[in-house]
Amino acid sequence: MKVCLDPGHGGRDPGACVAGVSEAGINLSVARLTAGRLRDARCETLLTREIDVYRSLGDRAAEANDWGADLFLSIHCNWAVSDAASGFEVWTSRGDTGADWFATLLFTTLQGEFPSSPARADYGDGDPDKERDLTVLVRTGMPAVLIELGFLSNSSERAALRNVDIQDRFAAALARGVLLGVGGPETGGPGAVCEARHARLLEQLRVISGQLSGLLREF
Ligand SMILES: [Zn+2]
């Protein structure tokens, strides 16, 4: 399983900035922590940026495509004019996409980890994700989801988002969502992700070799 993590913003684009706290740094920290947890579960991970550097949205999507990611997860923090706005959001591109199941899983694991944080859902189409044709969601060729962890414009959420222990809880929730989606630790041990992939490949090889020997007999 290859999971591309996309820490939003970076470099000359700090993202939302409030009281000296910028979104880009929090996004990168949570992405690194999530990648660590996924690697522990024997997933391959790629970060679209490893440091505080600017990358265009198109480049991020292209890198995920070129690498052959199975899942794409963009990590952001939110901002609103009202400092009362709070809670997390999960976004996919418009309509029924291949990412809806992934978004619902992530929504569920975030809700489980932070039961008191408002889950800002849109059940208009039957599932909790919000929908918008964001560049990294429409240009990626695999299930792609964007997470808004919380609001930097809300002082208590801002303090929480800066806290490394809380960042690690976000990472735990995101990694759990990814792994649940592919039969990870919760459904059969840390190796289940790779084992399932290998089993599929072996089955495909078996079918192909059967077809080949049939062809050779005819020849
Ligand atoms: Zn952002």
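Quick summary incoming for the structure in this document. Keep in mind the model is a prediction, meaning the values are calculated, not measured.

For Ala 19, which is not glycine, the phi torsion reads 50° and is therefore positive. Position of Ala 19 among the secondary structure elements: in the loop between β2 (17-18) and β3 (21-22).

Another point: the environment of Ala 160. Within the fold, Ala 160 resides in helix α5 (residues 155-162). For Ala 160, a count of 19 C-beta atoms within 10 Å translates into the label partly exposed. Considering only alpha carbons, one finds Ala 160 and Gly 150, 10 residues apart in sequence, at a separation of 9.0 Å.

Those residues of helix α2 (residues 57-67) not exposed but buried are Arg 60, Ala 61 and Ala 64. Projected down its long axis, α2 shows its buried positions confined to an angular sector of 95°, all on one face. Seen from the buried face of α2, the exposed residues on the opposite side, beyond 90 degrees, are Gly 58 and Asp 66. Considering only its buried residues, α2 is in contact with β1 (2-7), β5 (71-78) and α4 (135-138).

Quick look at the environment of Gly 15 now. Of note, Gly 15 is situated in the loop between β1 and β2. Spatially, the C-alpha atom of Gly 15 lies 9.1 Å from that of Asn 78, the residues being 63 residues apart in sequence.

Put simply, helix α1 (residues 23-40) and helix α6 (residues 164-181) touch, their axes get as near as 8 Å, and they point 50° apart. When the axes of α1 and α6 are compared, the pair comes out oblique. Here α1 and α6 pass one another in a crossing that is right-handed. Touching Ile 26, Ser 29, Val 30, Leu 33, Thr 34, Arg 37 and Leu 38 of α1 are Gln 167, Asp 168, Phe 170, Ala 171, Ala 172, Leu 174, Ala 175 and Val 178, all from α6. Tallied by class, the residues present in the contact of α1 with α6 amount to 10 nonpolar, 3 polar and 2 charged.

Let us look at the nonpolar core. Within the largest apolar cluster, 51 residues are counted, with the highest numbers of intra-cluster contacts made by Val 3, Leu 73, Leu 106, Val 145, Ile 147 and Leu 174. When sequence neighbours within four positions are dropped, the list of residues in contact with Leu 73 reads Val 3, Leu 5, Asp 6, Val 145, Ile 147 and Leu 174.

This part covers the packing of helix α3 (residues 100-113) against α6. Their axes nearest at 8 Å, the elements α3 and α6 cross at an angle of 140°. With respect to α6, the element α3 is oriented oblique. Helix-helix and strand crossings are classified by hand; for α3 and α6 the assignment is right-handed. For the pair α3 and α6, the contacting residues are Trp 101, Phe 102, Leu 105, Leu 106, Thr 109, Leu 110 and Glu 113 in the first and Arg 169, Ala 172, Ala 173, Leu 174, Arg 176, Gly 177, Leu 180 and Gly 181 in the second. Here the residues of the contact of α3 with α6 sort into 9 nonpolar, 3 polar and 3 charged.

Reading the values: the criteria
Residues numbered from 1 in each chain as written. Predicted model: local features only at pLDDT ≥ 70, side-chain atom pairs only at ≥ 80, totals over all residues. Helix = DSSP H or I, 4+ residues; strand = E, 2+ residues; numbered from the N terminus. Buried ≥ 20, exposed ≤ 12 C-beta atoms within 10 Å, placed from the backbone. Arc of directions from axis to C-beta. Contact = placed C-beta atoms within 7 Å. Axes fitted to C-alpha atoms, helices over the stretch in contact; angles between N-to-C directions. Parallel < 35°, antiparallel > 145°, perpendicular 65-115°, else oblique. Left-handed = near helix turned anticlockwise from the far one by under 90°. Nonpolar A, V, L, I, M, F, W, Y, C, P; charged D, E, K, R; others polar. Core = buried A, V, L, I, M, F, W, Y, C linked by C-beta atoms within 7 Å.

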